[in-house]
Every structure is written in C-alpha cells, then in structure tokens.
Amino acid sequence: MRILITGADGRLGARLWQTLEAQGHEIIPSLAMQPDITQLDAVRDFARQARPDLVMHLAAYTDVDGCAKDPDLALRVNGIGTQHVALACQALGVPMCYVSTNEVFDGEAKTAYMEYAPTRPINPYGYSKWVGEQAVRELLPRHYIVRTAWLFAPGGANFCQKVLAKARSGQQLVVVTDEIGSPTYADDLAEALAALVATQRFGTYHLVNEGKASRYEFARHILDSFGLRHVRVQPAVLADFKRASRPPRFSPLRNFQAAHVGIRLRPWQEAVEAFAARELA
Ligand SMILES: NC(=O)c1ccc[n+]([C@@H]2O[C@H](COP(=O)([O-])OP(=O)(O)OC[C@H]3O[C@@H](n4cnc5c(N)ncnc54)[C@H](OP(=O)(O)O)[C@@H]3O)[C@@H](O)[C@H]2O)c1
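In this text, all values refer to a predicted model and were calculated from it rather than measured experimentally.

(A) Main features of the packing of helix 2 (residues 40-50) against helix 4 (residues 71-92). Contact geometry for helix 2 and helix 4: axes closest at 9 Å, N-to-C directions at 40°. Taken together, the axis directions place helix 2 and helix 4 in an arrangement best described as oblique. Two packed elements cross with a definite hand, and for helix 2 against helix 4 that hand is right-handed. In this structure, helix 2 contributes Leu40, Val43, Arg44 and Ala47 to the contact, and helix 4 contributes His84, Val85, Leu87, Ala88, Ala91 and Leu92.

(B) Just the site of the ligand, in detail. Taken together, 25 residues are adjacent to the ligand, and Gly7, Gly10, Arg11, Ala59 and Ala60 come closest. Of all the elements in the fold, those that place two or more residues in the shell around the ligand are helix 1 (11-22), helix 4 and strand 4 (96-101). Ranked by the residues each element gives to the shell around the ligand, the list is headed by helix 1, at three residues. Grouping the amino acids of the shell around the ligand by side-chain chemistry returns eleven nonpolar, ten polar and four charged.

(C) View of unusual backbone geometry. With a phi angle near 50°, arginine 51 is a residue other than glycine that sits in the positive phi range. Assignment of secondary structure puts arginine 51 in the loop between helix 2 and strand 3 (54-57). Classification of arginine 51 by C-beta neighbours within 10 Å gives exposed; the count is 11. In this structure, tryptophan 150 takes a positive phi of about 40° despite not being glycine. Summarising the element assignment, tryptophan 150 is placed in the loop between strand 5 (143-148) and strand 6 (151-152). Look at tryptophan 150 and you get buried, because 24 C-beta atoms sit within 10 Å.

Criteria and thresholds
- Residues numbered from 1 in each chain as written.
- Predicted model: local features only at pLDDT ≥ 70, side-chain atom pairs only at ≥ 80, totals over all residues.
- Axes fitted to C-alpha atoms, helices over the stretch in contact; angles between N-to-C directions.
- Helix = DSSP H or I, 4+ residues; strand = E, 2+ residues; numbered from the N terminus.
- Parallel < 35°, antiparallel > 145°, perpendicular 65-115°, else oblique.
- Left-handed = near helix turned anticlockwise from the far one by under 90°.
- Contact = placed C-beta atoms within 7 Å.
- Near = placed C-beta within 6 Å.
- Nonpolar A, V, L, I, M, F, W, Y, C, P; charged D, E, K, R; others polar.
- Buried ≥ 20, exposed ≤ 12 C-beta atoms within 10 Å, placed from the backbone.

Take a look at the structure:
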C-alpha cells in the first residue's frame, strides 16, 4: 500500500514508518514535504499529489501543558487539523487511521476503559483530540480511531527518557503514585497499528501494552530494567505539583476490540524490559 503518515518524524511516527516500510509498504512523504495540517488547501493539495491508499494521521500538538496554556492552538492543530486530514481523505475516497489518546476520558472510572465508554475530556489537550475524533467519525465511514497512552520510545522527551536522564545525572526523582495509566512501547504500538490497518475492520480501538501502572511503578520498573536499581524514587501525589494541565487520574485502557480481531500487545513490564535490553545492547 501507499501510506501517507502525518507526523512521520514524531516519536511514534518514526517507529511506524520503520515498521510499515519493513513490511513492504511505500511511505509518503519525505520529511521535507510535510504540510501544516492547519492549512486545508496545503493538506488537500499534498494528499492529491501523494495518491495514498491509506492516511495514518499522527501529527498533533502533544505538549499537554502547552495545550492548557493555549487551548485555541490545541483545537486548531488537533481538532481542525484532523478535520482537514479527514476532508482530504473524503475527497480522495481513502480510509484514515487517527491516533487518539486516553485523555479523552475523565479518569473517574474504577476499571480500565473500554472503547465504548463515554468520553469526557477534562483538559484542553484531551478535548482537542476528542474534537478530532468527532470530525473523523462524521466525515469518514471507513476510519480507524486508535486510542493509546503513555508512549515510550528511543529519544525524544517522553516520561521514560526523563526518568533515565534525571537518574543518570543524580537528580532527585519525585514521582506520583495517584496517576494510573497504560505505559505503551512505541514499537509494539507500531506493530499493532500495522496489523490493524491490514484488517479493514474499521472502528474505534484501544491499543496499549497490557496492564496498568502508576507513574511511580512505571518509573521504578524503568530504573530496575536499565540497571539503576540503586536509584531511589520518592513517592508523591498529583496535588504536590502545580501543572497547567490536569491529567485523568485513572485512565488505563483495555484493548477489547483489538483482541476481537486477534491483536494482542504484551504486558507493559515486558515491553519496558525489551526496550531496556535493546537500548543497553
Ligand atoms: N506521546 C504519547 O504518550 C501519546 C499518548 C496518547 C496519544 N498520543 C498521540 O499519538 C500521536 C503521536 O504522538 P507522538 O508522541 O509521536 O507525537 P510527537 O513526537 O509530539 O510528534 C508530533 C508530530 O506532529 C507534527 N506536527 C505538530 N503540529 C503540526 C502541524 N500543525 N502540521 C503538521 N505536523 C504537525 C510534529 O512535527 P514537528 O516536529 O515538525 O512539529 C511531529 O512530527 C499524536 O497524535 C498523539 O496525540 C501520544
């Protein structure tokens, strides 16, 4: 397939590109050519010239605190930008896969969220991604909406890299015990996304590594897996930190739909260990 990936140079985009290319797909665009998704004409022109069979839309304004400080910008990129990509897909008659987030949920649940749970974003990032979901549903019958969470990957400014950088530079690590989610290895997600878009089973999916963790448990397991067992992590609670954005407190996802089409991701602990083994090799 010819697959257009937006946000192809992002944390997930880079892994997805590699995975799909290794499977023999042709990936567009070259990095220099990526259009600004807030510009409808640019997105439409680019898509028309690219002639993709499928668009995988990852581009987003992902700085959650930045989104909280400038909610209009978040909406322009994540909401309207996604609408533009969906309109381009509609004009070409091609399906779209939109990567969304656990932050469309309010975090008040007692068990992991399934795909059918009511959404209620509680911060501007989550709201803007939710607006993007609505645009995709309204405009395109052939869509995949894939919610994921707490990505870790080589490089970039994700939680895992921040924990490692602090630990290695001897800074004190203070991590919350009352924010619970689903840590997810970008490589595992890329494999799962590639498998999903081959199914033609359109719909809304959750794709995260199995299980749940607090930020504290996640940090502890990262350190243990990277040979930093001696580094101490001081537990804290969300109320100890002043942040622009408020995260959902309890937002683990359950991959119910994905299991139904035969897609399974390993437990997050195994994924962290695999990531560490690869990074340390
Ligand atoms: N990271 C997570 O933990 C997480 C969790 C749940 C869901 N997600 C979703 O997964 C997707 C990928 O996340 P990620 O962490 O890989 O993101 P990322 O590393 O922040 O990359 C985002 C990409 O979007 C591009 N982008 C931003 N604004 C754009 C615009 N106006 N026009 C065109 N491109 C634009 C960026 O390009 P530049 O570098 O040129 O700005 C970058 O390539 C996103 O949709 C995100 O919402 C992520």
